[in-house]
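Summary of the model geometry
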Amino acid sequence: MKRILFLILLVSGSFTAQAQYNYEATHRKSLDQVIRELSDRFETRLKVEVDTVGKWVPQADSRIRPYSIEESLNNVLSLFNYKFVKQNDHYYKIKPYEPHRRLPEEGRKLIDYLTKTHYQSREAAEARLREVQHEAAQIINREIAELRALTVQDAEPMLGKKRKFNGYTVQNFRIETLPGLYLCGSIYAPARKLKEGERLPVILSPDGHTPRYIHDTQLRLAAWARMGAVAVGYDLVGYGESALQLGEKVHHSVLAQQMQWMNTRILLEWMLSREDIDPNRVGLCGASGGGTQTMQMGIDRRFTAICPVISLSSYFDGGCPCESAIYLPSLAGGSCNAEFAAVHVPRYLGVVSDGKDWTAHVPEMEGPFLARIYSLFGVPNRIAFYHYPNEGHDFGYNKRQAVYDFFARAFSLDRERADETKLTLEPMEDLLLFGKGGVNLPAEAVRSVDGLPRYARERAVSLR
Ligand SMILES: [Zn+2]
């Protein structure tokens, strides 16, 4: 009897192994073939931007959902750390997995989850926001401290000649942030004389993948100054005069994010050390990548009003290494930029969004989430939304009017004076510290990433 049982077991065991082998061999298809079949079946263009050579899909047909190309694609692509990005109803791109880009539905699920888990009472919300703030600050502070340790002592900023315009002045500045490396920018300020003991609000404005010389940047900085604030524009790492020293490629590195955090921190501390700056009115406002920086650095409680423009989202964290190389949204068990902005409660928060990028869902997703938190804290009037459903990813006229409105309210500025017809657009050369092509760069200036201290050099390796 024992012998018979053994035989039966042996036979059934080998039958199972055989069946698995056949199943695998019969049903696997090349990734190329699966993509072609999906494209035909759903009459959809699939543009492949990944390596498919030698890639096989086991149990290929079982992964197809006849009612959904997206579910089918997910079942196939997740095997290879690939994903799809919808372009329109009949066109998808197939790309490598990106931690910073998810589907709007995933954003909705995250917002629902966070709301249910952490935002049912003010007490719970306070505990959660403390945790998010604490964890983000720990990471950002550590990264900044590591860079600042490369400089013996913070250098004094140097200011260029003051240029006078209708109701405001512009003055270029430079600060040596690492040995031989300069952060350059321009300070726009009201032209009038201050009264005894008077202090002005300040607005730092990090750029988003544009040089700070373009017209919309000049206009918003000048308008804020005419309204009564000191407004500061400064180069992104690898843009403007920073490119003279480090080249453009450095922008796509871990160092760029780390250094942009450091630059904003240095400017904040410089401004707060000035006698004419009001520490109770300190703003931060940038668009796109500058908006990401606004939400990340805005967790610093010394900022009293922040306004991310065309940036705030629960499903897109910022696609450039300068925004996401040091990945923050996985902190506190899983978060997102919208929650980083929420850390700002009860201080002023403005959100500018449009209908054609990842801010398109703000009115029904991130907006109500943030408004709920501001209500829990009893300050619903300190949050403002400006949504432009027919506009795209820019800092155009209407969006500039929005940030003038926001800071006029938050800092009690004279909104009437934000009249752009009164502003002067300067030629790029006038905004440069070191002259055209960097002719005035000091002899000791760094001229490539090779001139950086070793730690910074190693972090300057481009991720693209
Ligand atoms: Zn960037």
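Per chain, the residues get numbers from 1 upward, laid out in the order the sequence is written. The model is predicted, so local features are restricted to residues of pLDDT at least 70 and side-chain atom pairs to those at 80 or more, both for listing and for counting; the totals for chains, interfaces and linings are taken over all residues. Each side-chain value is worked out from all heavy atoms of the structure, with water and hydrogens disregarded.

Here we come to the nonpolar core. Residues belong to a common nonpolar core when they are buried Ala, Val, Leu, Ile, Met, Phe, Trp, Tyr or Cys residues joined through side-chain atoms within 4.5 Å. Summary of the burial criterion: residues with accessible area below 20% of their type's maximum are buried, those above 50% are exposed, and those between are partly exposed, where the area comes from a 1.4 Å probe applied to protein chains only. Within the largest apolar cluster, 76 residues are counted, with the highest numbers of intra-cluster contacts made by Phe 173, Leu 204, Val 230, Val 232, Met 259, Leu 267 and Met 271. The helix count covers DSSP runs of H or I at least four residues long, the strand count covers runs of E at least two residues long, and both are numbered beginning at the N terminus. The element contributing the most residues to this core is helix H8 (residues 254–273), with eleven residues. Residue contacts follow a heavy-atom distance rule, with two residues in contact if any of their heavy atoms lie within 4.5 Å. Residues within four places of Met 271 in sequence aside, it is in contact with Ile 187, Val 202, Leu 204, Val 230, Val 232 and Ile 277. Counting residues in each nonpolar core, the second largest holds 38 residues, with Tyr 213, Phe 395, Val 403 and Leu 423 among its members.

Before going further, it helps to examine the domain arrangement of the protein chain. On domain assignment, one finds that the protein chain holds domain 1 (23–96) and domain 2 (122–456). Delimitation of the domains relies on an automatic or database domain assignment. In this structure, domain 1 and domain 2 have C-alpha centres spaced 41 Å apart.

A few words on the pairing of strand S9 (residues 200–206). Among the seven residues in S9, seven count as buried, and that is most of the element. Of the two faces of S9, the one carrying Leu 200, Val 202, Leu 204 and Pro 206 and the one carrying Pro 201, Ile 203 and Ser 205 are both buried. The criterion for strand pairing is that DSSP finds at least two bridges linking the strands in question. As paired strands, S9 and strand S11 (residues 277–284) are joined by four bridges and run parallel to one another. Pairing of Ile 203 across the sheet is with Gly 283, part of S11. Consider the strands pointing away from the viewer: the crossover is right-handed when the path from the first strand over the helix to the second runs clockwise. Handedness of the crossover joining S9 and strand S10 (residues 230–234) through helix H6 (residues 215–227): right-handed.

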